[in-house]
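Residue-level structural notes
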Amino acid sequence: MGQGRELGLQLRHWLDQGHTALNSGHALANALCDGLGEQELLKGPVRDLGSRPLFLQLLRQSGATQRSNLVSLKQQLATTYSPSVLAELLDLLEAVTGQELDRSDLQQGPDPSEHPQEM
């Protein structure tokens with residue numbers, strides 16, 4: 001289990017218990033960063049995620065609206081982060097929302113027809 005999934009499950013637990021301190025992006029980002037411990041690689045991206053209004057909205061939503069915002073947030077994050085960091089952030093989002101994301105459009109290798117093999 002990766003760090004992103006663990007954080008997502010922890011956040012889900014906090015939300016289920018009604019922790020109102022997590023209603024602001026700043027408090028949420030700090031709580032998630034504390035949960036990372038010594039994992040420096042994810043602290044910046046997690047802080048960024050916590051500050052995004054779309055992330056805060058989807059935590060309070062359900063159904064089709066949550067799904068739509070989740071897909072939009074995935075697309076935003078994909079333009080910003082490396083594949084390894086993106087994978088952890090998507091793991092977090094899936095764990096906290098309970099919804100799986102289609103990742104087939106991410107990390108696609110180059111089209112072999114674009115680079116003919118030399119003989």
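Heads up: the structure comes first, above all this text.
Quick summary incoming for the structure in this document.

Rules used throughout
Here the residue numbers are simple positions, counted from 1 along each chain's written sequence. In view of the model being predicted, local features appear only for residues whose pLDDT reaches at least 70, and side-chain atom pairs are presented and counted only at 80 or more, with totals across whole chains, interfaces and linings using the full set of residues. Side-chain numbers here rest on the full set of heavy atoms in the structure, without hydrogens or water. Under the DSSP-based scheme used, a helix requires at least four consecutive residues in state H or I and a strand at least two consecutive residues in state E, with every element numbered from the N terminus. A helix's residues, less one, multiplied by 1.5 Å, set its expected span. Burial classes: relative accessible area under 20% of the type maximum marks a residue as buried, over 50% as exposed, and values in between as partly exposed (1.4 Å probe, protein chains only). The arc in question is the one spanned by the directions pointing from the helix axis to the C-beta atoms. Residue contacts are defined here by distance: any two heavy atoms, one from each residue, within 4.5 Å place the two residues in contact. Whenever two N or O atoms come within 3.5 Å, that pair is a polar contact, provided that in protein one can donate a hydrogen and the other can accept it, and provided that, for residues adjacent in sequence, both atoms are side-chain atoms. In what follows, salt bridge is the name for a side-chain nitrogen of Lys or Arg lying within 4 Å of a carboxyl oxygen of Asp or Glu.

**A closer look at helix 3 (residues 40-51)**
Every α-helical turn comprises 3.6 residues, leaving residues that sit three or four positions apart pointing alike. Compared with the 16 Å implied by 1.5 Å per residue over 12 residues, the 18 Å span of helix 3 between its first and last C-alpha is a close match. Where helix 3 is concerned, the buried positions are L42, P45, V46, L49 and G50. Along the axis of helix 3, the buried residues cluster in a sector spanning 140°; they form a single face.

**Some words on the side chain of Q66**
Structurally, Q66 is set in helix 5 (residues 63-78). Owing to a relative accessible area of 6%, Q66 belongs among the buried residues under this scheme. Discounting residues that sit within four places of it in the chain, Q66 has contacts with L58, Q61, T97 and Q99.

**A word on the environment of T97**
Along the chain, T97 turns up in helix 6 (residues 83-97). With a relative accessible area of 7%, T97 lands in the buried category. Separated by 38 residues in sequence, T97 and L59 have C-alpha atoms that sit 7.2 Å apart. Apart from residues no more than four positions distant in its own chain, T97 is found in contact with R12, L58, Q66 and L70. Looking at T97, its side chain comes within polar contact range of the main-chain nitrogen of Q99, at 3.2 Å.

**Quick word on the pattern of salt bridges**
Inspection of every chain in the model, using the stated rule, returns five salt bridges. A salt bridge links K74 to D105, with the nearest nitrogen and oxygen atoms 2.9 Å apart. Here K74 is found in helix 5, whereas its partner D105 is found in the segment after helix 6, with 31 residues between them in sequence. The network of salt bridges with shared partners includes D91, E94 and R103.

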